[in-house]
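Here is how the chains run, residue by residue.
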Amino acid sequence: MESPEHSTGARIGMWLFLLSEILLFGGLFLLYATYRWKHPGDFHAASQELSRLDGTLNTAILLTSSLTMALSIFTLSRERSARSTRRASLFLGATILMGCAFLVVKGFEWAAKFRHGLYPSSPVLLARPPGEILYFGLYFAMTGLHALHVIVGLCVLSTMLALLLRGSVGPERVAPVENAGLYWHLVDIIWIFLFPLFYLIS
Amino acid sequence: MHAHAAAPWYTDEGRRPGIRGWIFSTNHKRIGILYLVAVLSFFAVAVVLGVLMRIQSLRPEGGFVAPQTYNVLFSVHGIIQIFLVVIPAIPTIFGNFFLPILIGGRDMAFPRLNLFSWWLYMTGAVVVLLSLALGKGPVDTGWTFYVPYSLRTTVNVPLAVFGVFLLGMSSILTGVNIVTTTHQMRAPGMGFFRMPLSVWGLYSTAWVQILATPVIGITLVLIIMERLFGVGVFDPAKGGDPLLYQHLFWIYSHPAVYIMILPAMGIISDLFPVFSRKNIVGYKTVAFSSLAIASVGSLVWGHHMFVSGQSDTASIVFSLLTFLVAVPSAIKVFNWVATLYKGSIKVDPPFLYALGFIALFLIGGLTGLVLGALSPDVHVHDTYFVVGHFHYVIFGGMGFGLFAALHYWFPKMFGKMYNFKFATVAFLVLFVGFNVFYMTMLILGWAGMPRRYYSYLPQFAPLQRISSIGSYIMVGGLAMMFGNLIHGFLRGKKAPDNPWGGATLEWQIPSPPSAENFEEIPTVTGGPYVFSKPEEKD
């Protein structure tokens with residue numbers, strides 16, 4: 001059984017870490033704001049080339065995965081039984097699957113861009129106006145960094161699933177799962193900002 | 001009185017023997033010593049690079065090293081000193097070793113994360129050093145990695161930048177650990193306003209580490225992306241704006257100056273009451289001025305860019321905010337000096353360094369205002385004046401704060417004492433050399449000597465020579481100081497538990513402390529600077 005001080009400490013530490021993650025992306029959002037303000041027309045034109053369907057699909061996937069993540073923690077902390085552990089593992093497994101699905105969709109999206117010759121420093125892109133070059137530069141940088149966070153999140157969640165099945169975390173020791181969940185929600189929230197900023201420019 | 005005290009921290013081997021008992025130890029004191037050894041080793045390397053530059057500057061035509069080598073020298077000197085030494089030094093060495101003891105805890109909040117931070121730091125350091133040997137030569141961009149040059153130069157920028165990124169991550173995790181420890185690990189009765197002011201310094205610093213470091217992290221990642229994929233966000237040829245790089249860089253790198261100086265100020269605030277045997281004047285103002293410096297100091301980065309082409313409005317606002325930071329800084333200095341008044345002052349070696357800190361920090365701070373004012377900055381921007389100024393702040397401030405802390409806590413850490421007389425002489429040599437070195441730089445800069453030039457006009461020759469000689473004297477002082485400490489470590493007399501008569505918790509336990517710090521977690525009943533009468537001491 002973990003001491004309450006220790007789990008509070010772990011939670012404080014996690015929130016501080018998330019704060020630093022937000023600021024990491026903050027630098028990119030600052031660049032985005034500046035360049036979009038400078039080239040509003042180019043940004044609009046370039047965003048027409050993204051697949052809104054893929055973006056919406058991914059938003060739905062990631063939001064649902066946050067729901068199953070929250071359900072997993074909820075079942076763990078509501079009652080202490082083998083059944084709740086099993087259910088929490090199922091929810092966690094669903095979260096992991098949806099995270100993978102997000103990456104697959106993202107992969108297809110990127111691949112389509114590459115097929116059209118749209119990637120950093122590509123001849124097709126360099127022939128475009130500067131605003132579009134910057135838009136796609138930021139698109140790849142920001143969604144790429146976000147995808148990296150999804151991958152890290154998936155590793156963390158898989159570890160949690162393994163620990164859960166082994167019994168080293170569970171209803172008696174929820175804090176690690178909670179922290180993993182917090183991280184997953186952060187990944188989700190960042191996407192909630194990326195989606196309108198790249199796909200829904202009007 | 002400590003007849004049955006537990007074994008001291010460095011003989012208590014824990015689960016693993018030998019070297020593995022150190023590099024895999026999660027004990028905060030061992031991790032502190034790991035950092036101490038690493039940081040001081042890198043410091044020695046960077047000092048040698050600095051001396052090489054001063055040998056080159058003896059004559060106008062140089063001739064000691066090639067121009068490109070000189071570019072590498074000032075770049076690597078800066079990168080090592082800033083990212084490997086000055087930023088991590090006090091939080092990682094003394095924060096780790098003393099923060100839990102000062103607040104009455106047994107360890108940091110996250111001991112394993114703490115060890116991980118050290119490994120991350122060492123990995124970052126190794127990557128930076130590897131980058132010097134691999135690729136097309138060592139980095140020559142200066143420590144600031146300014147674009148577009150860092151995108152165009154052929155040398156191995158991406159690896160060096162990646163190393164610095166890892167160092168940044170390590171710094172963030174240390175910050176997370178310090179904030180959480182301060183909130184969670186305090187002993188019963190240790191309210192926030194009973195904490196020693198050094199803890200306030202570490203605490204404020206940790207917030208800046210958490211909030212500012214990620215911004216340079218992403219900036220460095222973008223440099224790597226630019227170099228590897230050419231994303232274009234900083235590349236003027238693709239519409240990118242180099243000025244934005246400077247903004248992002250200084251959003252971190254100016255607050256980084258406060259990461260350097262705030263913990264040193266905290267330690268100085270501990271030393272003044274102890275060596276004046278008198279409570280600090282205005283405890284709360286000193287504590288809150290740390291937070292004020294941390295917050296206002298995060299909003300002044302634009303003063304590095306007055307001549308970079310940012311808007312005049314922005315420059316005026318940044319200049320105003322820069323002047324505002326001087327207020328809480330000055331408050332601290334007034335409180336320290338007022339603490340001396342009618343105190344029972346004892347000038348032992350740690351206190352000498354504290355006094356030296358004030359003198360040098362004052363010069364550094366005031367020359368900073370010259371640079372923070374709009375019109376003089378145009379005149380002295382990118383000259384030796386800037387170099388002199390930040391060495392007064394960083395070396396004279398943070399460096400002397402570090403040396404003060406070393407001399408103050410040395411007997412507690414190792415249970416041995418160094419030679420006082422020799423420490424005093426070393427201080428004087430160091431102090432004189434320092435001022436001859438950097439004061440001359442200030443004058444040279446005022447006269448127009450640009451920084452980062454491997455040669456110069458003949459009229460600067462006499463002052464350049466004086467400055468170089470000052471640097472040799474200073475390095476002599478450093479060697480004497482470290483020699484004395486090493487001698488004390490090897491052969492020193494046994495130190496008493498409380499050599500300075502301090503009232504904070506670390507002086508209430510044996511020297512050196514046991515692995516667990518306290519046999520029983522103490523209950524705190526008063527402030528950190530309430531001194532008993534001397535005869536009541538045992």
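This write-up is about the structure you can find in this document.

**Regarding the overall build of chain B**
Okay, step 1: When its secondary structure is counted, chain B shows 16 helices and 2 strands.
Okay, step 2: For chain B, the spread of C-alpha atoms along the three principal axes comes to 70 × 45 × 45 Å.
Okay, step 3: The buried share among the 538 residues of chain B stands at 56%.
Okay, step 4: Of the contacts formed within chain B by residues at least 6 apart in sequence, a portion of 84% connects residues at least 24 apart.

**A word on the overall build of chain A**
Okay, step 1: Along its length, chain A carries 7 helices and 0 strands.
Okay, step 2: Ordered by position from N to C terminus, the α and β elements of chain A give α-α-α-α-α-α-α.
Okay, step 3: Each principal axis of the C-alpha atoms in chain A carries an extent, and together these give about 60 × 30 × 25 Å.
Okay, step 4: Within chain A, counting contacts between residues at least 6 apart in sequence, those at least 24 apart form 78% of the total.

**Here's the deal with the packing of helix α4 (residues 89-102) of chain B against helix α7 (residues 157-184) of chain B**
Residues and elements named next belong to chain B.
Okay, step 1: Here α4 crosses α7 at 25 degrees, and the two axes come no closer than 11 Å. With respect to α7, the element α4 is oriented roughly parallel. Seen along the crossing, α4 lies across α7 with a hand that is left-handed. Taken together, the residues of α7 that come into contact with α4 (itself represented by Pro 91, Thr 92, Gly 95, Leu 99 and Pro 100) are Thr 174, Ile 178 and Thr 181.
Okay, step 2: Classifying every residue of the contact of α4 with α7 gives 4 nonpolar, 4 polar and no charged.

**Structural notes on helix α10 (residues 283-296) of chain B**
Three- or four-residue spacings in an α-helix give side chains the same orientation, since the helix completes a turn every 3.6 residues.
Residue and element names in this part refer to chain B.
Okay, step 1: Look at α10: 20 Å from first C-alpha to last across 14 residues, which is about the 20 Å you get at 1.5 Å a residue.
Okay, step 2: Buried within α10 are the following residues: Tyr 283, Val 286, Ala 287, Ser 289, Ser 290, Ile 293 and Ala 294. Buried residues of α10, viewed axially, fall in a sector of 160 degrees; they line one side.
Okay, step 3: Looking at the buried side of α10, the elements it contacts are α8 (197-229), α9 (242-276) and α11 (312-340).

**Section: the interface of chain A and chain B**
By a widespread convention, an interface's size corresponds to the accessible area lost as its parts come together.
Okay, step 1: Across the contact, 26 residues belong to chain A and 28 residues belong to chain B.
Okay, step 2: Going through the elements one at a time, α1 (4-38) and α6 (130-166) of chain A are the ones with two or more residues in the side of chain A that touches chain B.
Okay, step 3: A per-element tally of the side of chain A that touches chain B places α1(A) first, with 16 residues.

**A closer look at the nonpolar core**
Okay, step 1: One finds A:Leu138, B:Ile268, B:Leu271 and B:Ala404 to be the most contacted residues of the largest nonpolar core, which totals 222 residues.
Okay, step 2: Not counting the four nearest positions on each side in its chain, B:Ala404 is found in contact with B:Ile267, B:Ile268, B:Leu271, B:Pro350, B:Tyr353, B:Ala354 and B:Phe357.

**Things to note about the packing of α8(B) against α9(B)**
Residue and element names in this part refer to chain B.
Okay, step 1: Two elements in contact, α8 and α9, have axes separated by 8 Å at closest approach and are oriented at 165 degrees. As judged from the angle between their axes, α8 and α9 are roughly antiparallel. The chirality of how α8 crosses α9 is left-handed.
Okay, step 2: The residue inventory of the contact of α8 with α9, partitioned by class, reads 20 nonpolar, 10 polar and 1 charged.

**Some points on the environment of A:Glu172**
Okay, step 1: With respect to the helices, strands and loops of the structure, A:Glu172 is situated in the loop between α6 and α7 (175-199).
Okay, step 2: Residues A:Glu172 and A:Tyr32, 140 residues apart in the sequence, show an inter-C-alpha distance of 44 Å.

**Focus: the environment of B:Ala426**
Residue and element names in this part refer to chain B.
Okay, step 1: Checked against the element boundaries, Ala 426 lands in helix α15 (residues 420-447).
Okay, step 2: The spatial distance from the C-alpha of Ala 426 to the C-alpha of Met 480 is 5.4 Å, given a sequence separation of 54 residues.
Okay, step 3: Those residues in contact with Ala 426 that sit more than four places away from it in its chain are Gly 477, Met 480, Met 481 and Asn 484.

**Observations concerning the environment of B:Pro100**
Residues and elements named next belong to chain B.
Okay, step 1: As for its position among the elements, Pro 100 is in helix α4.
Okay, step 2: On the basis of neighbour count, Pro 100 is assigned to the buried category, with 28 C-beta atoms found within 10 Å.
Okay, step 3: Sequence separation of Pro 100 and Lys 29 is 71 residues, and the distance between their C-alpha atoms is 9.3 Å.
Okay, step 4: Once residues lying within four places of it in the same chain are set aside, the contact partners of Pro 100 are His 28, Gly 105, Arg 106, Asp 107, Met 108, Thr 181, Met 185 and Asn 517.

**Describing α8(B)**
Residue and element names in this part refer to chain B.
Okay, step 1: With 33 residues, α8 should reach 48 Å at 1.5 Å per residue; the first-to-last C-alpha distance of 47 Å fits that figure.
Okay, step 2: Roughly 30 degrees is the biggest bend found in α8, and it falls at Ala 212, with proline Pro 214 one to four residues downstream.
Okay, step 3: Downstream of α8 by one or two residues, Gly 230 has phi in the positive range, about 65 degrees.

**Concerning unusual backbone geometry**
Residue and element names in this part refer to chain B.
Okay, step 1: For the peptide bond that leads from Val 147 to Pro 148, omega is 0 degrees, which places it in the cis range.
Okay, step 2: Locating Pro 148 in the fold gives a position in the loop between α5 (111-133) and α6 (149-152).
Okay, step 3: Along the chain, Ser 511 connects to Pro 512 via a cis peptide bond; the corresponding omega equals -10 degrees.
Okay, step 4: One can find Pro 512 in the segment after β2 (493-494).
Okay, step 5: Residues other than glycine seldom take positive phi values, yet Asp 382 does so here, at roughly 60 degrees.
Okay, step 6: When you line up the elements, Asp 382 lands in the loop between α13 (374-380) and α14 (384-414).
Okay, step 7: Among the residues examined, Asp 382 registers 14 C-beta atoms within 10 Å and is labelled partly exposed.

Criteria and cut-off values
Residues numbered from 1 in each chain as written. Chains lettered and ligands numbered in written order. Predicted model: local features only at pLDDT ≥ 70, side-chain atom pairs only at ≥ 80, totals over all residues. Helix = DSSP H or I, 4+ residues; strand = E, 2+ residues; numbered from the N terminus. Buried ≥ 20, exposed ≤ 12 C-beta atoms within 10 Å, placed from the backbone. Contact = placed C-beta atoms within 7 Å. Axes fitted to C-alpha atoms, helices over the stretch in contact; angles between N-to-C directions. Parallel < 35°, antiparallel > 145°, perpendicular 65-115°, else oblique. Left-handed = near helix turned anticlockwise from the far one by under 90°. Nonpolar A, V, L, I, M, F, W, Y, C, P; charged D, E, K, R; others polar. Expected span 1.5 Å × (residues − 1). Arc of directions from axis to C-beta. Core = buried A, V, L, I, M, F, W, Y, C linked by C-beta atoms within 7 Å. Bend = angle between axes of the 7 residues up to and from the residue.

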